Amino acid sequence: MSYLSIRGLHKSFGDTQVFSDINCEVAKGELITLLGPSGCGKSTLLRCIAGLTEVNNGQLLLDGEDLVPLAPQTRQIGMVFQSYALFPNMTVEQNISFGLRMQKIARDESGRRVAEVLEMVELGEFARRYPSQLSGGQCQRVALARSLVTRPRLLLLDEPLSALDARIRKHLREQIRAIQQELGLTTIFVTHDQEEALTLSDRILLMNAGRIVQSADAETLYTAPVNAFAAGFIGNYN
Ligand code: ADP
Ligand code: MG
């Protein structure tokens, strides 16, 4: 049943251990939120899954395939960061199609796919604009489109909304959820924001100091926290 399996994952930087035994199963089409305070290891875990940092030990299986020996560009995993890092000298369209050119996708097919994802993120009219002509929220939607256009098997979102202001954050959160559900795209959404986690997810993995403290749906986490940390962290949300 599980689409992504993380088993006994260990990551250290030199003498600094970030986590030593992360275990987690994600079903196909599920959106799980990885929630926890700054420094608990969320980004490192995503980077291990994406192949941007090497794991020391443990297993990562996606759709039955061992990810660990695969180079990041062959994992078919999309990732969006807090800083959207678009190419400033390329239009929206060019930013989105860049990855497809690297994959040697034919021009026609590429054009079709770019139009399709621009539609999804409601930026159809902005195809020929440059990033400097867009708002932060629009740039983040371009970054999302850029990862969707490659048709990833798994989408990793590392605090994609944290740099945006509250009103835009809520709108974009809903948009991400709608697209994710429409595509049935298996997604891990990282945040340190309780409200985001409680409103967005099928399931929340609450993390602290390199450990998964609790894995539960929002209601269970809110009404039946497993320990004082979980109660305190979730209880801060009001
Ligand atoms: P989070 O995303 O939850 O804020 P991170 O995964 O970024 O946490 O960081 C977890 C821990 O790993 C922190 O103590 C951080 O300092 C450390 N860390 C992250 N990246 C590196 C790195 N490249 N080198 C050394 N330590 C790192
Ligand atoms: Mg982080």
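The residue numbering used here restarts from 1 in each chain and proceeds along that chain's sequence as written. Labels are handed out in written order, letters beginning with A for the chains and numbers beginning with 1 for the ligands. Restriction of local features to residues with pLDDT of at least 70 applies here, the model being predicted, together with a cutoff of 80 or more for giving and counting side-chain atom pairs; totals for whole chains, interfaces and linings are based on all residues.

Named according to an unreviewed UniProt entry, the chain is Spermidine/putrescine transport system ATP-binding protein originating from Stutzerimonas xanthomarina.

Draft legend 1. Spotlight on the site of ligand 1. Close to ligand 1 lie Phe13, Thr16, Val18, Gly36, Ser38, Gly39, Cys40, Gly41, Lys42, Ser43 and Thr44, which account for all nearby residues. Secondary-structure elements contributing two or more residues to the shell around ligand 1 are β2 (16-27) and α1 (42-50). Take the shell around ligand 1: its biggest share by element is 3 residues, from α1. When residues are sorted by character, Ala, Val, Leu, Ile, Met, Phe, Trp, Tyr, Cys and Pro go into the nonpolar class, Asp, Glu, Lys and Arg into the charged class, and all the rest, Gly among them, into the polar class. Across the shell around ligand 1, the residue classes tally to 3 nonpolar, 7 polar and 1 charged. Only the C-beta atom, placed from the backbone, is used; a residue is near a molecule or strand if that atom lies within 6 Å of it. A run of H or I in DSSP becomes a helix once it reaches four residues, and a run of E becomes a strand once it reaches two; helices and strands are each numbered from the N terminus.

Draft legend 2. Examining the sheet that holds strand β5 (residues 65-66) more closely. Taken together, 4 strands build an open sheet; the order of strands is β2-β1-β4-β5 and the sheet is antiparallel. Edge positions in the sheet fall to β2 and β5, since each has one partner strand and no second. With 8 bridges joining them, strand β1 (residues 2-13) and β2 adopt antiparallel strand pairing. In the sheet register, Ser12 faces β2, and the bridge partner there is Gln17. Here, strands pair whenever DSSP counts at least two bridges between them.

Draft legend 3. Molecular detail of the UniProt feature "domain: ABC transporter" (unreviewed entry) in the chain. Residues annotated by UniProt as "domain: ABC transporter" (unreviewed entry) correspond here to residues 4-234. End-to-end, the C-alpha atoms of residues 4-234 are 26 Å apart, and along that stretch the chain is 37% helix and 26% strand. UniProt positions are given in the numbering used here, feature names are shortened, and annotations may be inferred rather than shown by experiment.

Draft legend 4. Focus on the confidence of the model for the chain. Confidence along the chain averages 95 in pLDDT terms, with 99% of residues attaining 70 or more. Here the predicted complex scores 0.96 on pTM and 0.98 on ipTM. Confidence of the predictor at the level of single residues is captured by pLDDT, which takes values from 0 to 100.

Draft legend 5. Local environment of the environment of Lys28. Checked against the element boundaries, Lys28 lands in the loop between β2 and β3 (31-35). Burial is judged by counting other C-beta atoms within 10 Å of a residue's own C-beta: 20 or more means buried, 12 or fewer means exposed, and anything between counts as partly exposed, with every C-beta placed from the backbone. Among the residues examined, Lys28 registers 14 C-beta atoms within 10 Å and is labelled partly exposed. Between the alpha carbons of Lys28 and Val190 there is a distance of 18 Å; along the sequence they are 162 residues apart. By the convention adopted here, residues make contact when the C-beta atoms placed from their backbones lie within 7 Å. When near neighbours in sequence (up to four residues on either side) are disregarded, Lys28 contacts Tyr3 and Thr186.

Draft legend 6. Inspection of the sheet that holds strand β6 (residues 77-80) at higher detail. The strand order across the open sheet built from 6 strands is β6-β7-β8-β3-β9-β10, with neighbouring strands paired in mixed fashion. Looking at which strands have only one partner, the edges of the open sheet turn out to be β6 and β10 (211-216). Mean inter-strand twist for the sheet, computed between neighbouring axes without regard to direction, equals 20°. A fitted line through C-alpha atoms serves as each axis, taken over the contacting stretch for helices, and the angle formed by two N-to-C directions is quoted from 0 to 180°.

Draft legend 7. Quick peek at the packing of helix α2 (residues 92-102) against helix α3 (residues 107-120). Contact geometry of α2 with α3 gives a least axis separation of 10 Å together with a crossing angle of 125°. The angle between α2 and α3 places the two elements in the oblique class. Read as a crossing pair, α2 and α3 show a hand that is right-handed. Across the interface between the two elements, Glu93, Ile96, Ser97 and Leu100 from α2 touch Ser110, Arg113, Val114 and Val117 from α3. Partitioning the contact of α2 with α3 into residue classes produces 4 nonpolar, 2 polar and 2 charged. Reported orientations rely on four angle classes, namely roughly parallel under 35 degrees, roughly antiparallel over 145, roughly perpendicular from 65 to 115, and oblique for the rest. If you view the pair so one helix is near and one far, a crossing is left-handed when the near helix is turned anticlockwise from the far one by less than a right angle, and right-handed when it is turned clockwise.

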